[in-house]
Amino acid sequence: MGESSMGAVVPAADKAELKGDDALTLAMAEKELLCPICMQVIKDAFLTSCGHSFCYMCITTHLQNKSDCPCCAEFLTPSQLFPNFLLDKLLKKKSAHQLSKSASPVEQFRQSLEQGCEVSIKELDSLLSLVAEKKRKLEQEEAERNMQILLDFLHCLRKQKVNELNEVQNDLHYIKEDLNAVERHRIELYRARDRCSVKLQMLSDDTVGMRSRSSSMDKSISGVVCNSCNIQGGVNSANFHYKKDEGNVQVNPHVTHSKDASLSGPTSQHISQSGLAVVRKKRVHAQFNDLQEFYLQKRRRMINHSENQEKKDKAIVTREGYSSGLADFQSVLSTFTRYSRLRVIAELRHGDLFHAANIVSSIEFDRDDELFATAGVSRRIKVVNEPTDVHCPVVEMATRSKLSCLSWNKFTKNHIASSDYEGIVTIWETTRQSVVEYEEHEKRAWSVDFSKTEPSMLVSGSDDCKVGSADHHIHYYDLRKPCHPLHVFSGHKKTVSYVKFLSNNELASASTDSTLRLWDVNDNLPVRTFRGHTNEKNFVGLTGNNEFLACGSETNEVFVYHKAISKPATWHKFGSPDVEDSEEDAGSYFISAVCWKSESPTMLAANSRGTIKVLVLAA
C-alpha cells in the first residue's frame, strides 16, 4: 500500500467507455488517490518517511494523539512529514480535467480564450453571427413562452370569472324567484287581513245595529211606562230624568274610556311591533354575511338535487308556496332574529358555603324536564326542581370520589348514571341508593351517557383510551363493528373535549382550540366552525337543541350560537363573586357545565364557583 499511495493519474476518459480490466484499473487508481484517514481525495498532500501520502490536516491531527503511521504503524513524528508536490500537481490536473468535462461548451470556449487560444478575425465574425442568431432565437422563444403563460393565465381567469358570473346569475335567479314567492305570499297575507277586517267591521256594524234597536225599544218601553206613571200620578217626572242623566254620567265615561282604549291599544302595540322589527333588522345586518352564505348554500343544494330529480323537486313546495330552501332559510331567519339576550329566571348555589371545591362538572334535565341533577368535585349528586325558587335540593347523594359526569336514564325516570375520578361508573336511584357499580376503567372516567334507544345500555369514556381520544380528531363508530371507526373527522387543532349528536345526521364537537364545529355524518363533511368563546384548558360544557348550540367560556360567560351562524347569537356573563365568599380572582372562574331543556328556549348553566343559573332566550 505504501508504494501505491502516490497513485497514477488516469488519462481523460469516460468510465462508460472502459470495459473489463480497464474499468477495474480505473476504480483502483481512483481509490489510491484517497486519503487513508478521511477517505476523501487528498488535499494538500504530505508524504511520510515510510512512503505514504495523507491530507496535511489529517496526518497532523493524527500525530497529535499518536506517533505512528496510520497505514503501516511505523514510528512517525511531524518532522518526518514532507510536501508531496508531484501528487498535488497531478491531483490539481485531474480536478481541472474533471471540471472541464462538466463545463458547458460556452464555459470551455471562454476558458480557451482566457488561456490564449488563437482565433482569426474571420472566425470571430462567424462566431459573433452565430451568437447573435442564437440570441435572437432565444429571445423569440422566451417571448413566446411568456406570451403563452399570459394567455394561459387570462384563459384561466376568464373561465373562473365566467363560472363566478354563472353562479351570480344563478343566485340572482334564485333571489328573483324567492322575491316573487315572498311578494305573492305577502299579498295573500294582506288580502287575508283585509278579509278579516271586513268581517270584523260587519260584526261591529251588526253589534251597533243590535244596540241601536235595543236602545229604541228601551226608549219606547220607557215612554209607555212614564205615560202610565203620569196617568197614575204616582211618579215625579223630574226624578226620572235625574236618574236617566245620572245613568248617562255613569255610562259615558266608560264609553269614552273604551274608545280611548280601542284607539290607544293597537297604536301602542303597533309602535312596539315596529320597534321590534327594527331591532330584528339590525340583527340581520349584523350577521348578513353568514346569513347570505347559509341562504345561498341552501338554494344551491336544492338546485343540485333538482338536477337529478327535477320533476319531483318541482312538486316540493311548502304550504306558503315557498321552495324548500327558502322555507328552511325563513325558519332560520325568524328563529335567529327572535332572540337577542339570555334572561336569568332563577339562580342557586350547588356547593357548600364552607366548601372550597364547588366546580359543577355536569348538569342535566331528567326525562320529563321536571327535575335537573348536578354533579361535581364536591362529591355530591343533587336533584333540584325546575323552575326552582328554593336553594334546597329534592334529593342529595354523597359519593366516594369527585364526579366528572352524569346522565339521566331516558326511560327509567329515577335512574342516574355517574362517572368519577377513580374510573367507576355508578347507576343511582333518586332514593339515594346506588343500584350497581362498574369498575371496568383503569383510569379516571370523564364521561357517561345512557342510550336513547336501549335503556339498559350506557357508554363511558376514560383516560385509559377506552372509547376516547385526545389526538385532536373525532372517531365515529358503528357499535356493530367497534374495531375500526366508520370515519375520523379532522379539523380541531387541540384536544376534543365534547361531542353531541344534534340529529340523525348532525354532530357537534367542542375543543380546547376555542371553537365548536358542526359535522355532517352522512357525507362525512365539516359544516361550520363557531368562534367567539374562550376555551384553552378547561371543560366548559356543550349542549344543543333543534336550532341552537351553547357552551361555556373561560371568561365566565355562557355563549349561544345558532347552527347556521358562525358568530355568537348572544351571551351572558356570570356576576363577579363576593369578596367575603372568596379571595380568588374573579377571572379564575369559568363556565363548567351547560344543558338545554328539551323543545324549549330554557337552559341551565353552572360555573366553577358552584353558581347555577336558569336562563331563557329572550327578545
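Note that the structure is predicted; figures quoted are calculated from it, not measured.

Calculation criteria
Positions within a chain are numbered from 1, following the residues in the order the chain's sequence is written. Under the rules for a predicted model, residues below a pLDDT of 70 receive no local features and side-chain atom pairs below 80 are neither given nor counted, while totals for whole chains, interfaces and linings still include all residues. As a convention, hydrogens and water are excluded, and side-chain values are obtained from all of the structure's heavy atoms. Helix numbering and strand numbering both begin at the N terminus, where a helix is a DSSP run of H or I of at least 4 residues and a strand a DSSP run of E of at least 2. The buried label goes to any residue with under 20% of its type's maximum accessible area, the exposed label to any with over 50%, and the partly exposed label to all in between, with areas taken from a 1.4 Å probe on protein chains only. In what follows, a contact means two residues having at least one pair of non-hydrogen atoms within 4.5 Å. Any carboxyl oxygen of Asp or Glu within 4 Å of a side-chain nitrogen of Lys or Arg constitutes a salt bridge here. Strands are treated as partners if at least two bridges between them are detected by DSSP. A fitted line through C-alpha atoms serves as each axis, taken over the contacting stretch for helices, and the angle formed by two N-to-C directions is quoted from 0 to 180°. Think of a polar contact as two N or O atoms within 3.5 Å of one another; within protein, one of them needs to be a possible hydrogen donor and the other a possible acceptor, and neighboring residues in sequence only count if both atoms come from side chains. UniProt positions are given in the numbering used here, feature names are shortened, and annotations may be inferred rather than shown by experiment. For our purposes a nonpolar core is just a set of buried Ala, Val, Leu, Ile, Met, Phe, Trp, Tyr and Cys residues, chained together by side-chain atoms within 4.5 Å. Aromatic rings from Phe, Tyr and Trp, with only the six-membered ring used for Trp, were paired whenever their centres fell within 6.5 Å, and each pair was classed as stacked if the ring planes differed by under 30 degrees, edge-to-face if by over 60, and tilted otherwise.

1. Remarks on the overall build of the chain
Alright, step 1. Across its full length, the chain holds 9 helices and 27 strands.
Alright, step 2. For the chain, the proportion of its 619 residues judged to be buried stands at 33%.
Alright, step 3. Sequence separation of 24 or more characterises 48% of the internal contacts of the chain that already satisfy a separation of 6 or more.

2. Some points on the pattern of salt bridges
Alright, step 1. Evaluation of the coordinates by the stated rule reveals 18 salt bridges.
Alright, step 2. Salt-bridge contacts for Glu133 lead to Arg136; the nearest nitrogen and oxygen are separated by 2.8 Å. Taken together, the positions of Glu133 and Arg136, both in helix α5 (residues 121–232) and 3 residues apart, correspond to about one turn of that helix.
Alright, step 3. Relative accessible area serves as the criterion here: at 46%, Arg136 is assigned to the partly exposed category.
Alright, step 4. With its nearest N and O atoms 2.9 Å apart, the salt bridge here joins Glu506 to Lys563. Remark: Lys563 occurs in the loop between β23 (557–562) and β24 (568–573) and Glu506 occurs in strand β18 (residues 506–511); sequence separation between them is 57 residues.
Alright, step 5. Here the salt bridges share partners, and the residues they tie into one network are Asp366, Arg367, Asp368, Glu370 and Lys413.

3. Re the sheet that holds strand β3 (residues 81–83)
Alright, step 1. The strand order β2-β1-β3 describes an open sheet built from 3 strands, whose pairing is antiparallel. Here the strands that pair on one side only, and so sit at the sheet edges, are β2 (53–55) and β3. Shown here is a sheet whose adjacent strand axes are inclined to one another by a mean of 40°, direction ignored.
Alright, step 2. Relative to β2, strand β1 (residues 45–48) is paired through 3 bridges, and the arrangement is antiparallel. Counted as the bridge partner of Leu47 is Ser53 from β2.
Alright, step 3. Against the sheet, helix α2 (residues 56–63) contacts β1, β2 and β3, and its axis sits at roughly 95° relative to β2.

4. A few points about the sheet that holds strand β17 (residues 496–501)
Alright, step 1. Strand order across the open sheet formed by 4 strands is β17-β18-β19-β20, with antiparallel pairing between neighbours. Among the strands making up the open sheet, the edge pair consists of β17 and β20 (525–531). Within this sheet the neighbouring strands show an average axis-to-axis angle of 20°, counted without direction.
Alright, step 2. With 6 bridges connecting them, strand β19 (residues 515–520) and β20 associate as antiparallel partners. The residue of β20 that forms the bridge with Arg517 is Thr529.

5. A word on the side chain of Thr543
Alright, step 1. Mapping Thr543 onto the fold places it in strand β21 (residues 542–544).
Alright, step 2. Within the structure, the side chain of Thr543 is placed 3.0 Å from the backbone nitrogen of Trp596, a separation counted as a polar contact.
Alright, step 3. When near neighbours in sequence (up to four residues on either side) are disregarded, Thr543 contacts Phe548, Leu549, Ala550, Val594, Cys595 and Trp596.

6. What to know about the UniProt feature "domain: RING-type" (unreviewed entry) in the chain
Alright, step 1. Here the UniProt-annotated "domain: RING-type" (unreviewed entry) positions come out as residues 35–72.
Alright, step 2. As a span, residues 35–72 carries 21% helix and 18% strand, and end to end its C-alpha atoms are 14 Å apart.

7. Looking at the nonpolar core
Alright, step 1. Counting 15 residues, the largest nonpolar core has Cys35, Ile42, Ile59, Leu76, Leu81 and Leu87 as its most contacted members.
Alright, step 2. Those elements giving two or more residues to this core turn out to be β1, β2, α2 and α3 (85–102).
Alright, step 3. With 3 residues, α2 is the largest single contributor of residues to this core.
Alright, step 4. Ignoring sequence-local partners within four residues, the contact set of Ile59 consists of Ile37, Phe54, Pro70, Leu76 and Leu81.

8. Things to note about the environment of Phe294
Alright, step 1. Considering the arrangement of structural elements, one finds Phe294 in helix α7 (residues 288–308).
Alright, step 2. Sequence separation between Phe294 and Asp328 is 34 residues; the distance between their C-alpha atoms is 9.9 Å.
Alright, step 3. Leaving out residues up to four positions away in the same chain, Phe294 has contacts with Phe329, Val332, Arg528 and Ala564.

9. Examining the packing of aromatic side chains
Alright, step 1. What the rule picks out here adds up to 14 aromatic pairs.
Alright, step 2. Here Tyr295 and Phe329 contribute two aromatic rings whose centre-to-centre distance is 5.2 Å and whose plane-to-plane angle is 70°, an arrangement assigned as edge-to-face. Residue Tyr295 is found in helix α7, and its partner Phe329 is found in helix α9 (residues 324–338); the two are separated by 34 residues along the sequence.
Alright, step 3. Taking the relative accessible area as the measure of exposure, Tyr295 reaches 11% and is therefore buried.

10. Observations concerning the pairing of β17
Regular strands place their side chains on alternate faces of the sheet.
Alright, step 1. In this sheet, β18 lies alongside β17 in antiparallel orientation, the contact comprising 5 bridges. What sits directly across from Lys500, in β18, is Ala508.

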